[in-house]
Amino acid sequence: MRFFEASWMLKFKGIYCFSYSMGDTHLLVYATGKSPLGPFMYRGTILEPVVGRTTHHSVVEFERKWWLFYQDASLSGGINHLRCVKAREIVYDEEGAIGLKEAQ
């Protein structure tokens, strides 16, 4: 799938996960591979477009949970240069597929 910008790489259980923005679609997607140099196999969408259409992100592990941090413009009513930070917990399955944890 088309790489645009805002890339991030992490390693989970021996699998490298390369996530990035799809550009004009503003989807946040990911691919996985056995090496940080690739090749990578496209795996799917992590996050749908957000208010303000900026899918710049990072993923970190904190206290044995994985978190997706990203920005949007929801608090400013969609004014793209007035962004706020959001966080969502993500989960992995046994093959390294990523999903957002449902809000409690």
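Residues numbered from 1 in each chain as written. Predicted model: local features only at pLDDT ≥ 70, side-chain atom pairs only at ≥ 80, totals over all residues. Heavy atoms only, no water.

Student: For the packing of aromatic side chains, give the residues involved together with the corresponding values.
Tutor: Here the structure, examined in full by the defined rule, presents 5 aromatic pairs. The interplanar angle of 85° and the centroid separation of 5.9 Å between the aromatic rings of Phe 12 and Trp 66 together place this pair among those described as edge-to-face. With a gap of 54 residues between them, Phe 12 in strand E1 (residues 5-12) and Trp 66 in strand E6 (residues 65-72) connect regions that are remote in the sequence. Both residues of the pair, Phe 12 and Trp 66, belong to the buried class. Members of the aromatic cluster, connected to one another through ring pairs, are Phe 12, Trp 66 and Tyr 92. (Phe/Tyr/Trp six-rings, centres within 6.5 Å; stacked < 30°, edge-to-face > 60°. Helix = DSSP H or I, 4+ residues; strand = E, 2+ residues; numbered from the N terminus. Buried < 20%, exposed > 50% of the residue type's maximum accessible area, 1.4 Å probe, protein only.)

Student: Mind laying out the pairing of strand E7 (residues 84-92), listing which residues take part and the relevant values?
Tutor: As paired elements, E6 and E7 share 7 bridges and run antiparallel to each other. Directly across from Trp 67, in E7, lies its bridge partner Glu 89. Relative to strand E8 (residues 98-100), E7 runs antiparallel, the two being bridged by 3 bridges. Counterpart to Val 91 in the pairing with E8 is Gly 99. If you look at the hairpin formed by E7 and E8, you'll find 5 residues sitting between the two strands, and Gly 96 has a positive phi there, around 90°. (Pairing = 2+ DSSP bridges.)

Student: Any details on empty space enclosed by the protein? Residues and values, ideally.
Tutor: A complete count under the given rule lists 1 cavity of 30 Å³ or more for this structure. Taken as a whole, the largest cavity spans an internal volume of roughly 30 Å³. Every residue along the wall of the largest cavity is listed here: Leu 10, Phe 12, Ile 15, Cys 17, Tyr 92 and Gly 96. Secondary-structure elements contributing two or more residues to the lining of the largest cavity are E1 and strand E2 (15-21). Across the lining of the largest cavity, the residue classes break down as 5 nonpolar, 1 polar and no charged. (1 Å grid on protein atoms, 1.4 Å probe; cavity = no way out; pocket = protein on both sides within 12 Å on 5 of 7 lines; lining within 4 Å. Points joined across faces, edges and corners; volume = space filled by probe spheres on them. Nonpolar A, V, L, I, M, F, W, Y, C, P; charged D, E, K, R; others polar.)

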